[in-house]
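Observations on the model geometry
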Amino acid sequence: MILEKCISLDPFEGTYFSILGDVNTYQGESDRAFYLYVSAVRKSPYRGDFLQKLGLVLADDKAEVAQHLMELSFQRSFRRDENLLVFSEWLLWRGDKKRAISILQQGFKDNS
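The rules behind each value
Residues numbered from 1 in each chain as written. Predicted model: local features only at pLDDT ≥ 70, side-chain atom pairs only at ≥ 80, totals over all residues. Heavy atoms only, no water. Helix = DSSP H or I, 4+ residues; strand = E, 2+ residues; numbered from the N terminus. Rg over C-alpha atoms; globule rule 2.2 N^0.38 Å. Buried < 20%, exposed > 50% of the residue type's maximum accessible area, 1.4 Å probe, protein only. Contact = heavy atoms within 4.5 Å. Areas by Shrake-Rupley, 256 points an atom, 1.4 Å probe, with all protein chains shown as cover. Axes fitted to C-alpha atoms, helices over the stretch in contact; angles between N-to-C directions. Parallel < 35°, antiparallel > 145°, perpendicular 65-115°, else oblique. Left-handed = near helix turned anticlockwise from the far one by under 90°. Nonpolar A, V, L, I, M, F, W, Y, C, P; charged D, E, K, R; others polar. 1 Å grid on protein atoms, 1.4 Å probe; cavity = no way out; pocket = protein on both sides within 12 Å on 5 of 7 lines; lining within 4 Å. Points joined across faces, edges and corners; volume = space filled by probe spheres on them. Core = buried A, V, L, I, M, F, W, Y, C linked by side-chain atoms within 4.5 Å.

**What to know about the overall build of the protein**
Summing up its helical and strand segments, the protein has seven helices and zero strands in all. Along its sequence from the N terminus, the protein presents helices and strands in the succession α-α-α-α-α-α-α. A compact globule built from 112 residues would reach a C-alpha radius of gyration of about 13 Å, and the protein, at 15 Å, matches this within 12%. The C-alpha extent of the protein, read off along each of the three principal axes, is 45 × 30 × 20 Å. When burial is assessed residue by residue, the protein has 38% of its 112 residues classed as buried. When contacts within the protein are restricted to residue pairs at least 6 apart in sequence, long-range pairs at least 24 apart make up 38% of them. Here the protein displays about 7200 Å² of accessible surface, and carbon together with sulfur accounts for 56% of that area.

**Examining the packing of helix 4 (residues 48-57) against helix 6 (residues 80-93)**
Two elements in contact, helix 4 and helix 6, have axes whose closest approach is 10 Å; the angle formed by their N-to-C orientations is 15 degrees. Classified by the interaxial angle, the pair formed by helix 4 and helix 6 is roughly parallel. Considering how the two elements wind past one another, helix 4 and helix 6 form a crossing that is left-handed. When helix 4 is examined against helix 6, the residues Gly-48, Asp-49, Gln-52 and Leu-56 are found in contact with a partner set consisting of Asn-83, Val-86, Phe-87 and Trp-90. Tallied by class, the residues present in the contact of helix 4 with helix 6 amount to four nonpolar, three polar and one charged.

**A short note on empty space enclosed by the protein**
Counted by the stated rule, this structure contains one cavity of 30 Å³ or more. In this structure, the largest cavity occupies an estimated 50 Å³ of space. The wall of the largest cavity is formed by Gly-55, Leu-56, Leu-58, Ala-59, Asp-60, Ala-63, Ala-66, Trp-90, Trp-93 and Arg-94. Elements that contribute at least two residues to the lining of the largest cavity include exactly helix 4, helix 5 (63-76) and helix 6.

**What about helix 4?**
The buried fraction of helix 4 is high, at eight of ten residues. Residues of helix 4 that are buried include every one of Gly-48, Asp-49, Phe-50, Leu-51, Gln-52, Leu-54, Gly-55 and Val-57, and no others. Its buried side turned inward, helix 4 meets helix 2 (14-26), helix 3 (30-43), helix 5 and helix 6.

**What to know about the layout of surface pockets**
Of the volumes computed, that of the largest pocket is approximately 240 Å³. Those elements giving two or more residues to the lining of the largest pocket turn out to be helix 2, helix 4 and helix 6. Among the elements that take part in the lining of the largest pocket, helix 4 stands out by supplying five residues, more than any other. Of the residues contributing to the lining of the largest pocket, the split by class is five nonpolar, three polar and five charged.

**A look at the nonpolar core**
By size, the foremost hydrophobic cluster in this structure holds 26 residues, and its most contacted members are Leu-54, Phe-87, Trp-90 and Leu-91. Elements supplying a minimum of two residues to this core: helix 1 (2-9), helix 2, helix 3, helix 4, helix 5, helix 6 and helix 7 (97-111). Of the residues forming this core, the biggest block, six residues, is contributed by helix 3. Setting aside residues no more than four positions away along its own chain, Trp-90 makes contact with Leu-56, Ala-63, Ala-66, Gln-67 and Met-70.

In C-alpha cells form, the structure reads like this:
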C-alpha cells in the first residue's frame, strides 16, 4: 500500500499514520485504527486533529478518556476553530448539549 511505503520513507511524520487510521476506521478495523492514531499522536503531539481522531475511535466505555483527548486536542491545536467544531459535535453526540454550547460560545468569544 502506498501509505505504508510513505511511512517507511518518513517514519517521523504523523500524517501518514493518521490517514491510514482513517482508512482502517472506514473499514471497521477500530483496533488497528486506534494503534495508528496513537502512532500519529506520538509523532505529532501538537496536532489536535490526531488527538480527536484517537478520541473518536475509543469505545463508549472509554468516554472519560475520549473527552479528555477532545479537550486536550482543543488546547494543543494550531487549528483551534476546526477542533472546536469537532469537539462540540462530539459533545452533542454524547448528549451533552449544555457543554457543547459552552464550548461554541467560548470559541466565538475567543475569535471576536
